[in-house]
Amino acid sequence: MDLETGVSECARPDRHQKILRTALLQRRAELRKAWRHLLTVECLKQLGSTAPYVAAYLSGKDGFRDWQMLSLRQWTDCDASLPEMLISIGLGENIACRPSAGVPAVFTCANFKKLSGKHRLEALCVRYRCPLNIGLESEAEIAEELLRQLMVADRTRLEAEAEFDVDDVLLKLNLIAVCAGTKRDLRFLDALNYFFELPQRSLARLGRKPHFLAGWLCLYAQLLCAPDW
Amino acid sequence: MRVAVIAASLAAGIRIATEVERVPSVDVSIVCCNLEMRSPLIRWLRECGLALKSFRWQTYITKLWAYAHSGKLVILNQPLDDPTTVERLRALQCDVGLHAANVIYREATIAAFQLGILNAHIGILPGYRGRSVAQWSVLRGDPVGTTVFFIDGGIDTGSRIVLRAVIPSGENTNVRALKTMLFDCDARLYRKALEALTSEGFAYEYNDISHGKRYYVMSRILNEVVDTILGSRTS
């Protein structure tokens, strides 16, 4: 055995942090210019009254909100719809949540994997209507599975510019973004980086679902400004 | 101990076999795969190109002849998980396979080797499973290195670790150079792993995956961050 000690705890020097933060802020600056190629005028129209706030946020200054403060210890309910919640979190607005009266049944990764595409999407939309719940410790396995699906199967399809389920991919991107914010796990943020870097032709298809797309872009913009990766 | 190098090319197979055959009591074969099911012409042109890049011709021909002549060179035309291939692998009656083929193995292929197939993974397990782990290690300020372990059906989840080696990133100023350096350690580390396996009182280390994470291919932006970190380290 050449290695005497186990893998050490994260001991990233401050210098690494600085280099990383600079790069992420550069990406934020890039996003300020690039978002209009993804979220087109047509998409913005479909966002209705939220559109000006989304446009202003994506092109303007950043109002960073620390999601660690928002991270939950118990299951939470909200009145807004899932797309509204995602955009609100992304914009750093105050989120109207309340502790849930009951906790939903355990959703195992094995059961999740058994679901077909359509049913999987429905299950995710129902279970994570308040998307912050995906950050709960009880949901860690599902979060890992979503990350795996995005970074293996979905990534491969988008890289090959093949057909993909826009709802499914965008929902996963949004939930992974929420996980990145609550867990501060750089792997989750990097999945968003990776998808943002995919060929424009594949990303253009995401415009079919403007609400989820706006949610993802706002969440991504928010995360790039977080100081403590 | 009977060992087979499962290689994506003859050049890779001979490179690793040359190192591994230095271990006393190890009998080495080379299994050359046709991973992308190339046509014979393309396949052998590629082999010639790789051989020219890697070896002096004389060494290459001598080694190739020696392995072929002693019946220890297996050229596969079918995929590794094809039943006929699995049967051919079983017939070799090897204890250990050495992974050098850039492929994910099915259970049947792994089971064709008595102890299993060793993989030289360019990350320290159990902390760093999956892809781009050298870059993630640098980014997180953790040791860079290689783990030689017996694979299973999962991604770097095989429970039996033979050795872990911390390999300083040294003068490598970018990700590509770092990964090349780490990949080039495979032959030496396979030799050390086989030495360990054949030594008296050897015990595996347990790859406890609950103490690590699975990583995925890294984005361009974070690769650039790692390049900057590596560059600034040596400047």
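It should be emphasised that the depicted structure is a prediction, and the values quoted were computed from it without experimental measurement.

*Asks:* Any chance you could break down the interface of chain B and chain A for me, citing the residues and the numbers?
*Replies:* On the side of chain A, 21 residues touch chain B, which itself brings 25 residues to the contact. If you list the elements that add at least two residues to the side of chain B that touches chain A, you get β8 (160-166), β10 (213-215) and α9 (220-234) of chain B. Per element, the largest residue contribution to the side of chain B that touches chain A is seven residues, and it comes from α9(B).

*Asks:* Now, about the packing of helix α1 (residues 10-20) of chain B against helix α3 (residues 57-69) of chain B: what can you tell me, with residues and values included?
*Replies:* All names here are of chain B. Closest axis-to-axis distance for the α1/α3 pair is 11 Å, and the angle between their directions is 80°. It follows that α1 is roughly perpendicular to α3 by the angle criterion. Residues Leu10, Ile14 and Thr18 of α1 pack against Tyr60, Lys63 and Leu64 of α3. Along the lines of polarity and charge, the residues of the contact of α1 with α3 split into four nonpolar, one polar and one charged.

*Asks:* Account for the confidence of the model for chain B, with residues named and values stated.
*Replies:* In the predicted model, chain B carries a mean pLDDT of 92, and the fraction of residues at 70 or more is 98%. The complex model carries a pTM of 0.90, and its ipTM stands at 0.90.

*Asks:* Mind laying out the environment of A:Ala96, listing which residues take part and the relevant values?
*Replies:* Residue and element names in this part refer to chain A. Positionally, Ala96 belongs in the loop between α5 (82-91) and β2 (97-99). Note on Ala96: 12 C-beta atoms within 10 Å, which makes it exposed. Separated by 133 residues in sequence, Ala96 and Trp229 place their C-alpha atoms 26 Å apart. If near-sequence neighbours (up to four positions away) are discounted, Ala96 is found in contact with Cys78 and Asp79.

*Asks:* Any details on helix α3 (residues 51-59) of chain A? Residues and values, ideally.
*Replies:* Residue and element names in this part refer to chain A. Along α3, the residues classified as buried are Val54, Tyr57 and Leu58. For α3, the angular spread of the buried residues around the axis is 95°, confining them to a single face. Along α3, the residues that are exposed and aim more than 90 degrees away from the buried face are Pro52 and Ala56. Check the buried side of α3 and you find it contacts α1 (14-38), α2 (41-47), α5 and α12 (210-224).

*Asks:* A description of α1(A) should follow, citing residues and the corresponding values.
*Replies:* Residue and element names in this part refer to chain A. Helix length check: α1 (25 residues) gives 34 Å between terminal C-alpha atoms against 36 Å at 1.5 Å per residue, within 8%. In the structure, α1 departs most strongly from a straight axis at Arg32, where the bend amounts to approximately 45°. Residues of α1 that are buried include every one of His16, Ile19, Leu20, Leu24, Arg27, Trp35 and Leu38, and no others.

*Asks:* Which residues make up the sheet that holds β8(B), and what values go with them?
*Replies:* Residue and element names in this part refer to chain B. The strand order across the open sheet built from eight strands is β3-β2-β1-β4-β5-β7-β8-β9, with neighbouring strands paired in mixed fashion. Two strands close off the open sheet at either side, each with one partner strand: β3 (73-75) and β9 (205-206). Both strand β2 (residues 27-32) and β3 contribute to a ladder of three bridges, which runs parallel. Each residue of the ladder has a partner; that of Cys32, found in β3, is Ile75. Sheet contacts for α1: β1 (2-7), β2 and β4 (96-100); angle to β1, the most-contacted strand, approximately 150°. Of the strands in this sheet, β1, β4, β5 (116-121), β7 (145-150) and β8 are in contact with helix α8 (residues 186-197), which crosses β8 at around 130°.

*Asks:* Can you explain the pairing of β8(B)? Please cite residues and give values.
*Replies:* All names here are of chain B. Burial runs high along β8: five of the seven residues are buried. In this structure, β8 lies alongside β9, joined through two bridges in antiparallel fashion. Within β9, the position partnered with Arg160 by the bridge is Tyr206.

*Asks:* Describe the nonpolar core, naming the residues involved and giving the relevant values.
*Replies:* Formed by 129 residues in total, the largest nonpolar core has its most connected members in A:Ile176, A:Leu192, A:Leu217, B:Val5, B:Ala7, B:Val20 and B:Tyr190. The element that contributes the greatest number of residues to this core is α12(A), accounting for eleven residues.

*Asks:* Can you explain the packing of helix α8 (residues 140-159) of chain A against helix α9 (residues 166-183) of chain A? Please cite residues and give values.
*Replies:* Residues and elements named next belong to chain A. With their axes 10 Å apart at the nearest point, α8 and α9 run at an angle of 130° to one another. Between α8 and α9, the interaxial angle falls into the category oblique. Where α8 crosses over α9, the two elements pack in a sense that is left-handed. Each of Ala143, Leu146, Leu147, Gln149, Leu150 and Asp154 in α8 lies in contact with α9, whose residues at this interface are Val169, Lys172, Leu173, Leu175, Ile176 and Cys179.

Here is what the cut-offs are and how they apply
- Residues numbered from 1 in each chain as written.
- Chains lettered and ligands numbered in written order.
- Predicted model: local features only at pLDDT ≥ 70, side-chain atom pairs only at ≥ 80, totals over all residues.
- Contact = placed C-beta atoms within 7 Å.
- Helix = DSSP H or I, 4+ residues; strand = E, 2+ residues; numbered from the N terminus.
- Axes fitted to C-alpha atoms, helices over the stretch in contact; angles between N-to-C directions.
- Parallel < 35°, antiparallel > 145°, perpendicular 65-115°, else oblique.
- Nonpolar A, V, L, I, M, F, W, Y, C, P; charged D, E, K, R; others polar.
- pLDDT = per-residue confidence, 0-100.
- Buried ≥ 20, exposed ≤ 12 C-beta atoms within 10 Å, placed from the backbone.
- Arc of directions from axis to C-beta.
- Expected span 1.5 Å × (residues − 1).
- Bend = angle between axes of the 7 residues up to and from the residue.
- Pairing = 2+ DSSP bridges.
- Core = buried A, V, L, I, M, F, W, Y, C linked by C-beta atoms within 7 Å.
- Left-handed = near helix turned anticlockwise from the far one by under 90°.

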